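# Chains, contacts and geometry: an overview
If you want the building blocks of each chain, they are given just below.
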Amino acid sequence: MFEDELYSYVMVLPQMGDYNIMFGGEKRIDNYSTLFVLQEKEPLILHALLSPKLNFIRNNEFVDSIICRLAERFITGELTQNIRDDHKEKCFIVHSGAYKRYGDKLLDCLRTYYPGCFCICYFTDLIEKTGMDISRVAENYDAVCSFDLEDAQKNGISYLDMPFEYYDLSIDEGADEYDITYVGRAKDRLDDIVKVYEKLSKAGWNCDFHIYGVARENQVYADKIRYNEFMRFEEVLRHVAKSKSVLEISQKNAYSPTVRYKEALLYGKTLFTDSGMLENSNIDNVKWYKNIKDIDFDRRMLESYPYEKYKELFGIECFISAVSLIVTEKRDEPGNAFD
């Protein structure tokens, strides 16, 4: 199935939630599996010591050594219990969130337990937003990838589109309840999100907006917009599936689309987006805009679109095929550790 049959591929993720669906955690695929280094499964003392609020204690060499030993024991246990032995070398695709939490100890465990493994660090957010030193990450990993094309080019790393495995919600066709749905963190775009809500609600659209990370004093239209209300990812997808369209508003400096793009296409919905990568898209259900005021919100656009081809295009098999090409490219570079 994959270009490079030398490896079996393991996705190392920091938590379940949306990743369990997007990265095919429930799908059995030859040469691929997921390893959840779950925060929820951490021993209580390790969980407490890894709290961001206690980062300062890691300046103490003795305390840091204790944390490292606890992390090593936990991670090694996860490796032992959850990775099947298929007698192939391992390629670990380490989510940047998992690396940020466990640091080099995670990498040490992978390489100690699986000598000769190939390790990739994968960023699913803009690198500047993570606060991580990309040069140091690049020194430690065999390859570094970003979900965002421009971010990858700017940092001299590989571009790797994020997968989105189709999830069957078993919802009746034609069961739309909303005209448009938005689900996402406010980040630096709250004003734009609210402007769209105002424009559409005044036009009589049935708006389904869910915004996270908003302080109480900034929660305008709180009787209509849902703020900071946790939803499981399956529930988010149900909102998308029950809506005629999906709104995507990019955070500043982002170029590639968010997961809203794949959600819209996988469930045959109209997508309103300002993603730079989609400016010249010829996909029928993608409606691109540069500025909020320029959006032509025409209800006649709100129709159902074919989506079967996107199941394969966005699926985990295509993702791993892309990973295998990156591995082959890096292994063929002169002077690398795999010569």
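Cut-offs used in this document
Residues numbered from 1 in each chain as written. Predicted model: local features only at pLDDT ≥ 70, side-chain atom pairs only at ≥ 80, totals over all residues. Heavy atoms only, no water. Phe/Tyr/Trp six-rings, centres within 6.5 Å; stacked < 30°, edge-to-face > 60°. Helix = DSSP H or I, 4+ residues; strand = E, 2+ residues; numbered from the N terminus. Buried < 20%, exposed > 50% of the residue type's maximum accessible area, 1.4 Å probe, protein only. Salt bridge = Lys/Arg side-chain N within 4 Å of Asp/Glu carboxyl O. Core = buried A, V, L, I, M, F, W, Y, C linked by side-chain atoms within 4.5 Å. Pairing = 2+ DSSP bridges. Axes fitted to C-alpha atoms, helices over the stretch in contact; angles between N-to-C directions. Parallel < 35°, antiparallel > 145°, perpendicular 65-115°, else oblique. Left-handed = near helix turned anticlockwise from the far one by under 90°. Contact = heavy atoms within 4.5 Å. Nonpolar A, V, L, I, M, F, W, Y, C, P; charged D, E, K, R; others polar.

For the structure shown, the criterion picks out 15 aromatic pairs. Seen in terms of ring centroids, Y182 and F209 are 6.0 Å apart; in terms of plane orientation they differ by 40°. Their pairing is tilted. On the criterion of sequence distance, the pair formed by Y182 in strand β7 (residues 180-185) and F209 in strand β8 (residues 207-212) is long-range, its members being 27 residues apart. Neither residue differs from the other here; Y182 and F209 are each classed as buried. Their ring planes at 65° and their centres at 5.5 Å tell us that Y197 and F209 sit as a pair that is edge-to-face. Here F209 lies in strand β8 and Y197 lies in helix α9 (residues 190-202), a separation of 12 residues in the sequence. Of the residues examined, Y197 reaches a relative accessible area of 7% and is grouped as buried.

This part covers the pattern of salt bridges. Tallied over the full model, the rule gives 16 salt bridges. A salt bridge links K41 to E78, with the shortest nitrogen-to-oxygen separation between them at 3.1 Å. Taken together, the positions of K41 in the loop between β2 (32-36) and α2 (44-49) and E78 in helix α3 (residues 61-82) put the pair 37 residues apart, joining distant regions of the chain. According to the relative accessible area criterion, K41 is partly exposed, its value standing at 41%.

Where a protein is soluble and globular, its nonpolar side chains tend to be buried together. F23, Y122, F319 and V323 are the most contacted members of the largest nonpolar core, which totals 51 residues. Looking at this core, the element that brings in the most residues is helix α13 (residues 316-331), giving six residues. Ranked by size, the runner-up nonpolar core spans 37 residues in total, among them V10, V12, F92 and I127.

What follows covers the pairing of strand β3 (residues 89-95). Of all the seven residues making up β3, six are buried; the element is thus mostly covered by neighbouring parts of the structure. With six bridges joining them, strand β1 (residues 7-13) and β3 adopt parallel strand pairing. Across the sheet, the residue bridging to M11 is I93, located in β3. Direction of pairing for β3 relative to strand β4 (residues 118-123): parallel, over a ladder of five bridges.

For the pair α3 and helix α5 (residues 104-113), interaxial distance at closest approach is 9 Å and the crossing angle is 45°. As summarised for this structure, α3 and α5 are arranged oblique, according to the angle between their axes. Crossing hand, α3 versus α5: right-handed. Contact residues: α3 offers C68, A71, E72, I75, T76, L79 and T80, while α5 offers K105, L106, C109, L110 and Y113. Its residues assigned to classes, the contact of α3 with α5 comprises eight nonpolar, two polar and two charged.

By themselves, these are just geometric observations and shouldn't be taken as functional.
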